[in-house]
Amino acid sequence: VGKKKPVESFTNAADQDRRYKYLVQQARTNQLNEVPTPTEITEFRAFKTSIGDADWRDVVDGWRKSGRKASITAEEMHSAYEKWQHERLKGHKLSKDVMRRNLKCTKEFANDHYGRKCKDLTKEGLIDWIESRYSTGPASPTFNRDLKTLRTMWDKSKEADNLFKEIETRNRPQTESTVRVLPIADAEKLFACGLKTVPWVMPRIALEAFMGLRFRSAALLKESHINCAEKGINLPAYLIKTGKDQYVEVIEENLWSWIRLGTPKTWALTERQYLTQKSRLFNNAGIPHPHNCFRHSACSYHAAAFAKPGLTASMLCHRNQMQLWDTYRGKATAVDGKRYYAITVESISLKLESGNLSLSN
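Residues numbered from 1 in each chain as written. Predicted model: local features only at pLDDT ≥ 70, side-chain atom pairs only at ≥ 80, totals over all residues. Heavy atoms only, no water.

Participant: I keep staring at the sheet that holds strand S2 (residues 232–235) and nothing clicks. Help me out?
Facilitator: In a beta sheet, neighbouring strands pair by backbone hydrogen bonds and run either parallel or antiparallel. Pairing is antiparallel across the open sheet formed by three strands, whose spatial order is S1-S2-S3. The sheet terminates laterally at strand S1 (226–227) and strand S3 (246–248), the two strands that pair on one side only. One ladder, built from two bridges, connects S1 with S2; its direction is antiparallel. Along S2, the bridge assignment pairs Ile-226 with Ile-233. (Pairing = 2+ DSSP bridges. Helix = DSSP H or I, 4+ residues; strand = E, 2+ residues; numbered from the N terminus.)

Participant: What exactly am I supposed to notice about helix H18 (residues 345–354) here?
Facilitator: Structurally, the α-helix is built with 3.6 residues per turn, so residues lying three or four positions apart point the same way. For H18, the complete set of buried residues consists of Val-345, Ile-348 and Leu-352. For H18, the angular spread of the buried residues around the axis is 75 degrees, confining them to a single face. Of the residues in H18, the exposed ones pointing more than 90 degrees away from the buried face are Leu-350 and Glu-353. Once H18 ends, the next one or two residues include Gly-355, with phi positive near 85 degrees. (Buried < 20%, exposed > 50% of the residue type's maximum accessible area, 1.4 Å probe, protein only. Arc of directions from axis to C-beta.)

Participant: Looking at this model, I keep getting lost on the nonpolar core. Mind explaining?
Facilitator: Note that soluble globular proteins tend to have their nonpolar side chains buried in a common cluster. Phe-191, Phe-210, Met-211, Ile-233 and Trp-258 are the most contacted members of the largest nonpolar core, which has 60 residues in total. Leaving out residues up to four positions away in the same chain, Met-211 has contacts with Ala-206, Ile-233, Leu-235, Val-248, Ile-251, Leu-255, Ala-298, Met-315 and Leu-316. Among the nonpolar cores identified, the runner-up in size contains 23 residues, and Met-99, Leu-121, Leu-150 and Phe-164 belong to it. (Core = buried A, V, L, I, M, F, W, Y, C linked by side-chain atoms within 4.5 Å. Contact = heavy atoms within 4.5 Å.)

Participant: Sorry, what's going on with helix H15 (residues 309–316) here?
Facilitator: All of the buried residues in H15 are Thr-312, Ala-313, Met-315 and Leu-316. Viewed end-on, H15 has its buried residues packed into an arc of 160 degrees, placing them on one side of the element.

Participant: How should I be thinking about the packing of aromatic side chains in this particular structure?
Facilitator: Any pair of aromatic rings gets described here by the distance separating the centres and the angle formed by the planes. One pass over the structure, following the stated rule, counts 13 aromatic pairs. Plain terms: the ring middles of Trp-154 and Phe-164 are 5.9 Å apart, the flat faces sit at 80 degrees to each other, and that makes the pair edge-to-face. Of the two residues, Trp-154 sits in helix H7 (residues 140–156) while Phe-164 sits in the loop between H7 and helix H8 (184–197), which places them ten residues apart along the sequence. Judged on exposure class, the residue Trp-154 and its partner Phe-164 are both buried. Directly above the ring of Phe-143 sits Arg-170, whose terminal nitrogen or CZ lies 3.7 Å from the centroid. (Phe/Tyr/Trp six-rings, centres within 6.5 Å; stacked < 30°, edge-to-face > 60°. Lys NZ or Arg CZ within 6 Å of the ring centre and 35° of its normal.)

Participant: Honestly, the side chain of Thr-266 in this entry has me stumped. Any pointers?
Facilitator: Mapped onto the fold, Thr-266 is located in helix H12 (residues 264–268). For Thr-266, a relative accessible area of 0% corresponds to the buried category. In this structure, Thr-266 is in contact with Trp-200, Pro-203, Arg-204 and Leu-261, ignoring residues within four places of it in sequence.

Participant: Would you mind showing me how to read the packing of H8 against helix H13 (residues 271–285) here?
Facilitator: When two helices pack together, their arrangement is given by the angle between the helix axes and the distance between those axes. Put simply, H8 and H13 touch, their axes get as near as 9 Å, and they point 110 degrees apart. With respect to their mutual orientation, H8 and H13 come out roughly perpendicular. As for how H8 packs across H13, the hand of that crossing is right-handed. Residues Lys-189, Leu-190, Cys-193 and Gly-194 of H8 pack against Leu-281, Phe-282, Asn-284 and Ala-285 of H13. Tallied by class, the residues present in the contact of H8 with H13 amount to five nonpolar, two polar and one charged. (Axes fitted to C-alpha atoms, helices over the stretch in contact; angles between N-to-C directions. Parallel < 35°, antiparallel > 145°, perpendicular 65-115°, else oblique. Left-handed = near helix turned anticlockwise from the far one by under 90°. Nonpolar A, V, L, I, M, F, W, Y, C, P; charged D, E, K, R; others polar.)

Participant: I'm lost on the pattern of salt bridges in this one. Help?
Facilitator: One side chain can pair with another of opposite charge once the charged atoms of both are near each other. Counted according to the given criterion, the structure contains 19 salt bridges. Two residues, Arg-19 and Glu-8, come together in a salt bridge whose shortest N-O distance is 3.0 Å. A residue pair is termed long-range when its members are at least 10 positions apart, and Arg-19 in helix H1 (residues 13–28) and Glu-8 in the segment before H1 qualify at eleven residues. Judged by its relative accessible area of 42%, Glu-8 falls in the partly exposed class. The salt bridge partner of Asp-336 is Arg-339, with a shortest N-O separation of 3.7 Å. Of this pair, Asp-336 and Arg-339 both sit in helix H17 (residues 334–340), three residues apart, which is roughly one turn of the helix. (Salt bridge = Lys/Arg side-chain N within 4 Å of Asp/Glu carboxyl O.)

So this is what it looks like as structure tokens:
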């Protein structure tokens, strides 16, 4: 095509002949130059998922008429806040230490969300990000301090729809447990509902529920990060708070039965689209949706089922085994832990067929 000479290989002559005939037909109808790239296909599928049955021409026309300013990136948001902070410092309205602490928070936010438009962020993803700055979750005053800093950063950027204002401050007593574990019956019902209605969404759900990935990590993980042949998952540094690439092999077998349900549609989901699908799944199943319940369930049930803190820590890329053990040990029984990690596509299908599991509320 033009000056490009792409090369393809085939396992047998029949496949080669079929491909040759197809390309000849494309050339005759002048369509050879119009074959979309994989990236274009992925973006188009994500676009179609977003607009549903709407005509794309109407969507584009409405977007042009709205005159809405294009969303800025996370690093542009931090830059606006940094400029404002220095102006306050010059006006003797804050100290260098306070400014340094505030900018450390917003700079980390910009680095971890580099290149992402603010319109693509989600409330749940932002809560996850604040919590992930600390090994087992921040105390209420610490969470509120970071939230206040980030709210102000968003305001100073002039970006619309400040998502941080939608996040509630925390007044929870220090003695109250923040670990919320899904009951086994609810977990089974949720996965049964997903299997029946949105099976293509369930690989991302399973990454949260059985591997303990945070929402944002599961939402942004790509198909290329998953090594099904060797049953391992690459976690790039930008997806986890260790700041280093991780390759996780300590993953329970049941996760892979759900990963196999993945389609191109699964990995074309944006963070906002995944959150919509996830919230809709909980609503359709009639199950409460406490924040971080999947990660807490994965940690608690894994610790209970296997009683090996090192194993659980490796799965979670967690540095402090003792702190992990103190946080999640005792939140579930060993029997329930083994039941939780026996939730597979096959086991749920059998329970639905036998009538032992019903989706009626």
